[in-house]
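Descriptive structure summary
What follows is the residue order along each chain.
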Amino acid sequence: MKFTKMHGAGNDYVYVNGFDYKSDWSKLSEFVSDRHTGIGSDGLIVALPSITADVRMRMFNADGSEGDMCGNGIRCLVAFGIEQNILSSNTDVKKIETKSGILGVTPEFSAGQMVGARVSMGIPDFVPSNIPVSLDDNPNPVLGHELVVDSQRIQLGFVSMGNPHAVAFMEEDVDDFPLDSLGPLVENNPIFPNRINFEINNVLGRDRIKTRVWERGSGLTMACGTGACAVVAIAHQRDMVDEEVFVDLPGGSLKINWDGVGDVYMTGPVETVFHGELDIRL
């Protein structure tokens, strides 16, 4: 099975052409994601035929669970699709089918190579039951819920960007926050029936936020596209930022645009790491 490893702002995935291959994608994701005995990645993304869009994306986390969407992954999927001759190599908007709906991706080129993309990420959903968060049937947006984990009090805002996010803003430097130990406790807290992605943030200005991410099913990652959008959505609702914000993550920076009403737009890089072949039977 041929594969390509790619990353967007350090958020790395193994890509497979599902037009050519069939597999147990969940088990394959667990295998390829292992950074000691596999290829090493945050998960697996498969390009598949679609009857409603240009291509269908299935995304699997490192633990084999299937995710709803991946903002960094969808940019790289378009570059992979162009390379595989699944998608046309022009600047037209590519329609990508995901579990969160059909999203538009506009590729950006330099010297004939796709180097980035702008993605229409959809409208943020702040209704707790839709995210989902179990909060006694509260229908109103929750921007400051106190959660106690391991004796630490964390103020969280909740939003869905096609997948669920819990967003915390803090005064202490996010680099000093014990995300590796508290991340899994937040992810698996009982108030999140489908688990949760968890972002911690320092607001550096009305146009810049410093962010670290704990992704459900994958743990610490270098970046999260839907997470960056979720952070800006919550920050915008709390009047912390303007309409254009750069989110600085360990793996790089993503530009997020949101006017507070329509779709959130994310712009970021894509990069191919290497190509290879797997001899595997799953």
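Here, every reference points to the structure presented above.
Thresholds applied
- Residues numbered from 1 in each chain as written.
- Predicted model: local features only at pLDDT ≥ 70, side-chain atom pairs only at ≥ 80, totals over all residues.
- Heavy atoms only, no water.
- Helix = DSSP H or I, 4+ residues; strand = E, 2+ residues; numbered from the N terminus.
- Buried < 20%, exposed > 50% of the residue type's maximum accessible area, 1.4 Å probe, protein only.
- Lys, Arg positive; Asp, Glu negative; His and termini not counted.
- Salt bridge = Lys/Arg side-chain N within 4 Å of Asp/Glu carboxyl O.
- Contact = heavy atoms within 4.5 Å.
- Pairing = 2+ DSSP bridges.
- Arc of directions from axis to C-beta.
- Phe/Tyr/Trp six-rings, centres within 6.5 Å; stacked < 30°, edge-to-face > 60°.

Points about the side chain of arginine 75
The residue arginine 75 is located in helix H2 (residues 71–83) in this model. It turns out arginine 75 is buried and unbridged, and the closest side chain with the opposite charge, glutamate 108, is 8.0 Å from it. In this structure, arginine 75 is in contact with Gly8, Ala9, Met114, Ala117, Val119, Leu254, Met266, Gly268, Pro269 and Val270, ignoring residues within four places of it in sequence.

Describing the pairing of strand S9 (residues 145–149)
Relative to strand S10 (residues 152–160), S9 is paired through five bridges, and the arrangement is antiparallel. Each bridged residue has a counterpart across the sheet, and for valine 149 the counterpart in S10 is glutamine 152. Where S9 folds back onto S10 in an antiparallel hairpin, the turn is made up of two residues, including aspartate 150, whose phi is positive at roughly 50 degrees.

Structural notes on unusual backbone geometry
Following isoleucine 131, the chain continues to proline 132 via a peptide bond in cis, the omega torsion being -5 degrees. Residue position: proline 132 is located in the loop between strand S8 (113–120) and S9. A positive phi angle is found at alanine 111, which is not glycine, with a value near 50 degrees. Along the chain, alanine 111 falls in the loop between strand S7 (101–110) and S8.

With respect to helix H1 (residues 25–33)
Where H1 is concerned, the buried positions are Trp25, Leu28, Ser29, Val32 and Ser33. The buried residues of H1 occupy an angular sector of 120 degrees when the element is viewed end-on, so they sit on one face. Those residues of H1 that are buried are in contact with strand S2 (11–17), strand S3 (43–48) and strand S4 (55–61).

Remarks on the packing of aromatic side chains
All chains considered together, the criterion is met by five aromatic pairs. For the pair phenylalanine 126 and tryptophan 258, a centre-to-centre distance of 6.4 Å together with 40 degrees between the ring planes defines the contact as tilted. Of the two residues, phenylalanine 126 sits in the loop between S8 and S9 while tryptophan 258 sits in the loop between strand S16 (252–257) and strand S17 (265–269), which places them 132 residues apart along the sequence. The class for tryptophan 258 is buried, based on a relative accessible area of 4%. Centroid distance phenylalanine 177 to phenylalanine 198: 6.3 Å. Interplanar angle 70 degrees. Geometry classified as edge-to-face. One end of the pair, phenylalanine 177, is in the loop between strand S11 (164–169) and helix H3 (179–187); the other, phenylalanine 198, is in strand S12 (residues 197–205), with 21 residues separating them in the sequence. Among the residues examined, phenylalanine 177 registers a relative accessible area of 4% and is labelled buried.

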